[in-house]
Amino acid sequence: MAAGSHLIAKRAVSAARSSWIPAAHRTFATASDLPVSPAKNHKIVVVGGGAAGLAISHQLLWTKKFTQDDIAIVDPAEWHHYQPGWTLVGGGLKTKDELKRPLRSLLDPKLRFYNHAVSTFAPEDNTITLGDGSRLTYDQLVVVPGIKVDPFSIKGLPEALADKDSNVSCIYTYETVDKVFPTIQALHKGRAIFTQPAGVLKCAGAPQKIMWLALDHWKRAGFYKNTGSSPIEITFATGLPVMFGVPKYSAALEALRQERGVEGLFAHDLVEVDGDKAVFAAGDGKEKVSRRFDLMHVVPKMGPHAFVKNSPLANPAGFVDVDDATLRHKKYGNVWSAGDASSLPTSKTAAAITSQAPVLVGNILRAMEAKEVEPAYDGYTSCPLTTEYGKVMLAEFKYGGVPKETFAKFVDQATPRRAFYHLKKDFFPWVYYNHMVKGTWGGPKGWIN
Ligand code: UQ1
């Protein structure tokens, strides 16, 4: 495989050089009077200015092998959000605006920034087309645009989220995250439902993190009791058959659920919100189950962006089809992916990026020097689960759901701890903006560059 990859890389690089005169010029320019601006070429084009795009672009700069405008970054966004902090916004611990920065302000001036969307990929021609019609060519392409959270995936959800008087909210979008805590504060009695969809989602622990914070809030306010009659009753309705995808943490979370008297509706996938009624597809999906609610926290379905899904880079599920260990595209040797948009079969988190970014960067350099790439990514990801105010269970694992705990020598990380809470609430947001997006933080490896 590795020898074959060499060939692909060499071919791709030389193809990029010989075909830098864009196809449109060759075929149409002489036949048309329309001015066609030439494609701009960059050694590396990075699609996406999220956690992965920023960490990777800046780690590439730290190698000192690139100068002004060698690397381009493409993203239509004006703002960059620290999304792992949105659970804390839902819990009333932070505001959404303190977690955002202008994307431009996070970019090293050596990077060429195209503040546009991508419309198409043409990997055979080493070209991408942007939303404004302009074209970029590259030697190496990094595709890290994340995934889309789709409220329209659930009937009635967009309307319920937009309705200020409904108690339906969601921590997963900037528009809806600040609706969450007021609805929690306002509820003194009744049925609260927290949902988690079947299928792909980012941060698979977040749907229950917000539930555990809400439970603790109600408990402290005297509205929730574990036993006997409780003014507020809580249901966790998940598309999964278990609390969490990793057996070790799932067992610990299942014990918490039972101890705390939370009803578990497993293999229940929310399909419709109709007034105060939630409709689930249960079991094999044929059975419809309806529940009344007084408050509902909904996690919509998520999936790849259309411009990725409908491109030659996608696997049948719509994710960028890369090798699990090298992060190199399975068909196009000069295309790479990481993070939420990638096919990597691990949980989609910013913590995962801390491990993926150095592997991707190392392998791009090897490929550019026609060296063998290294199968160095083991699937590391992490999910710091808030289980109450002041406590976090620090789930860390790799491919196959095998725990890979940074602090295993000292403690069992399935036990919720105060120190992990401060990592999650104070340290990670700080290290993220001060080091990770600048390419100087390697997660469990500590500081790099
Ligand atoms: C991490 O580095 C990180 O990024 C700043 C997170 O925030 C999203 C995390 O949640 C985790 C778990 C890490 C990993 C680092 C350590 C020290 C466990």
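The name that an unreviewed UniProt entry assigns to the protein chain is FAD/NAD(P)-binding domain-containing protein, with the source organism given as Canariomyces notabilis.

A.B. asks: What is the right way to read the sheet that holds strand β12 (residues 232-238) from this model?
C.D. replies: Within a sheet, each strand pairs with its neighbour through backbone hydrogen bonds, oriented either parallel or antiparallel. Taken in spatial order, the five strands line up as β10-β17-β11-β12-β13 in an open sheet, and their pairing is parallel. Whereas interior strands pair on both sides, the edge strands pair on one side only; in this sheet they are β10 (168-169) and β13 (263-265).

A.B. asks: Mind showing me how you'd approach the domain arrangement of the protein chain here?
C.D. replies: One frequently used descriptor of interface size is the decrease in accessible area upon assembly of the parts. Splitting the protein chain by domain gives domain 1 (40-146 + 305-375) and domain 2 (149-301). Each partner contributes residues to the interface: domain 1 has 16 residues there, and domain 2 has 19 residues. Summed over both sides, the interface of domain 1 with domain 2 buries roughly 1400 Å², with 65% coming from carbon and sulfur. The interface formed by domain 1 and domain 2 includes one salt bridge. Where Lys96 meets Asp178, a salt bridge forms, and the shortest distance between an N and an O atom there is 3.1 Å. The interface formed by domain 1 and domain 2 includes six residue pairs in polar contact (both at pLDDT 80 or more). Considering each element in turn, the side of domain 1 that touches domain 2 owes the most residues, four residues, to helix α4 (residues 86-90). When grouped by side-chain class, the residues that make up the side of domain 1 that touches domain 2 number three nonpolar, eight polar and five charged.

A.B. asks: Would you mind showing me how to read the packing of helix α3 (residues 51-62) against helix α10 (residues 350-368) here?
C.D. replies: Between two packed helices, both the angle of their axes relative to each other and the distance between the axes serve to describe the pair. The N-to-C vectors of α3 and α10 enclose an angle of 45 degrees; their axes lie 9 Å apart at closest approach. When the interaxial angle is binned, α3 and α10 end up oblique. Relative to α10, the crossing made by α3 is right-handed. For the pair α3 and α10, the contacting residues are Ala51, Ala52, Ala55, Ile56, Gln59 and Leu60 in the first and Ile353, Ala357, Pro358, Leu360, Val361 and Ile364 in the second. In terms of residue class, the contact of α3 with α10 is built from eleven nonpolar, one polar and no charged.

A.B. asks: So what exactly am I meant to see when it comes to the site of the ligand here?
C.D. replies: Close contacts around the ligand come from 16 residues, with Ser382, Pro384, Glu396, Phe428 and Trp441 the closest. Within the side chain of Trp441, an N or O atom sits 2.8 Å from an oxygen atom of the ligand. When the ligand sits alone it has 440 Å² of accessible area, and the protein chains cover 95% of it. Here the residues of the shell around the ligand are counted per class, giving eleven nonpolar, four polar and one charged.

A.B. asks: Is there a simple way to think about the pairing of strand β21 (residues 391-398) in this case?
C.D. replies: Remember that side chains alternate between the two faces of the sheet whenever the strand is regular. Burial of β21 is extensive: six of the eight residues sit out of reach of the surface. Relative to β21, strand β20 (residues 381-388) runs antiparallel, the two sharing seven bridges. When the bridges of β21 are listed, Leu385 appears paired with Met393. Between β20 and β21, which pair antiparallel and follow one another directly, the connecting turn spans two residues, one of which, Gly390, has a positive phi of 95 degrees. Here two bridges tie β21 to strand β22 (residues 402-403), and the two strands are oriented antiparallel to one another. The partner of Lys398 across the bridge, within β22, is Val402. Hairpin remark: β21 followed by β22, antiparallel, with three residues in the connecting loop; positive phi at Gly400, about 85 degrees.

A.B. asks: How should the environment of Met436 be read in this particular structure?
C.D. replies: As for its position among the elements, Met436 is in helix α11 (residues 418-436). In the structure, Met436 is positioned 82 residues away from Thr354 in sequence and 7.5 Å away in space, judged by C-alpha atoms. Beyond its immediate chain neighbours, meaning those up to four positions away, Met436 contacts Ala51, Ala55, Ala350, Ile353, Thr354, Val431 and Trp441.

A.B. asks: When you look at the UniProt feature "domain: FAD/NAD(P)-binding" (unreviewed entry) in the protein chain in this model, what are you seeing that I'm missing?
C.D. replies: UniProt's entry tags residues 43-164 with the feature "domain: FAD/NAD(P)-binding" (unreviewed entry), counted in the numbering of this structure. Here residues 43-164 runs as 19% helix and 33% strand, with 48 Å between its end C-alpha atoms.

A.B. asks: Could you clarify how one ought to interpret the sheet that holds β20 in this entry?
C.D. replies: One open sheet holds the three strands; their spatial order is β20-β21-β22, and the pairing between them is antiparallel. Of all strands in the sheet, those bounded by a partner on one side alone are β20 and β22. Across the sheet, α11 is in contact with β20 and β21; its angle to β21 comes to roughly 80 degrees.

A.B. asks: Sorry if this is basic, but what is going on with the nonpolar core here?
C.D. replies: One broad trend across soluble globular proteins is that nonpolar side chains are buried collectively. If you look at the biggest cluster of nonpolar residues, it comprises 130 residues, and the most contacted ones within it are Ile56, Ile128, Leu141, Tyr172, Phe194 and Trp218. Among the elements that make up this core, the one with the highest residue count is α10 (nine residues). Mapping this core onto the domain boundaries places at least three of its residues in each of domain 1 (40-146 + 305-375) and domain 2 (149-301). Among residues more than four places away in sequence, those in contact with Ile128 are Val45, Val47, Val74, Val118, Thr120, Phe121, Ser134, Arg135, Leu136, Tyr138 and Leu141.

A.B. asks: What is the right way to look at α11 in this model?
C.D. replies: An α-helical turn contains 3.6 residues, so any two residues separated by three or four positions project in the same direction. Helix length check: α11 (19 residues) gives 23 Å between terminal C-alpha atoms against 27 Å at 1.5 Å per residue, more than 12% under. For α11, every residue scored as buried is listed here: Phe420, Tyr421, Leu423, Lys424, Lys425, Pro429, Val431, Tyr432, Tyr433, His435 and Met436.

A.B. asks: Please clarify how the pattern of salt bridges should be interpreted in this entry.
C.D. replies: Pairing between side chains of opposite charge can happen when their charged atoms approach one another. Under the criterion given, the structure shown has 23 salt bridges. With its nearest N and O atoms 2.7 Å apart, the salt bridge here joins Arg257 to Glu254. With Arg257 and Glu254 both in helix α8 (residues 247-259), this residue pair falls three residues apart, about one helical turn.

Rules and cut-offs
- Residues numbered from 1 in each chain as written.
- Predicted model: local features only at pLDDT ≥ 70, side-chain atom pairs only at ≥ 80, totals over all residues.
- Heavy atoms only, no water.
- Pairing = 2+ DSSP bridges.
- Helix = DSSP H or I, 4+ residues; strand = E, 2+ residues; numbered from the N terminus.
- Domains from an automatic or database assignment.
- Contact = heavy atoms within 4.5 Å.
- Buried area = accessible area lost by both parts, 1.4 Å probe.
- Salt bridge = Lys/Arg side-chain N within 4 Å of Asp/Glu carboxyl O.
- Polar contact = N/O pair within 3.5 Å; in protein donor to acceptor, adjacent residues only side chain to side chain.
- Nonpolar A, V, L, I, M, F, W, Y, C, P; charged D, E, K, R; others polar.
- Axes fitted to C-alpha atoms, helices over the stretch in contact; angles between N-to-C directions.
- Parallel < 35°, antiparallel > 145°, perpendicular 65-115°, else oblique.
- Left-handed = near helix turned anticlockwise from the far one by under 90°.
- Near = heavy atom within 4 Å.
- Areas by Shrake-Rupley, 256 points an atom, 1.4 Å probe, with all protein chains shown as cover.
- Buried < 20%, exposed > 50% of the residue type's maximum accessible area, 1.4 Å probe, protein only.
- UniProt positions renumbered as here; feature names shortened; annotations may be inferred.
- Core = buried A, V, L, I, M, F, W, Y, C linked by side-chain atoms within 4.5 Å.
- Expected span 1.5 Å × (residues − 1).

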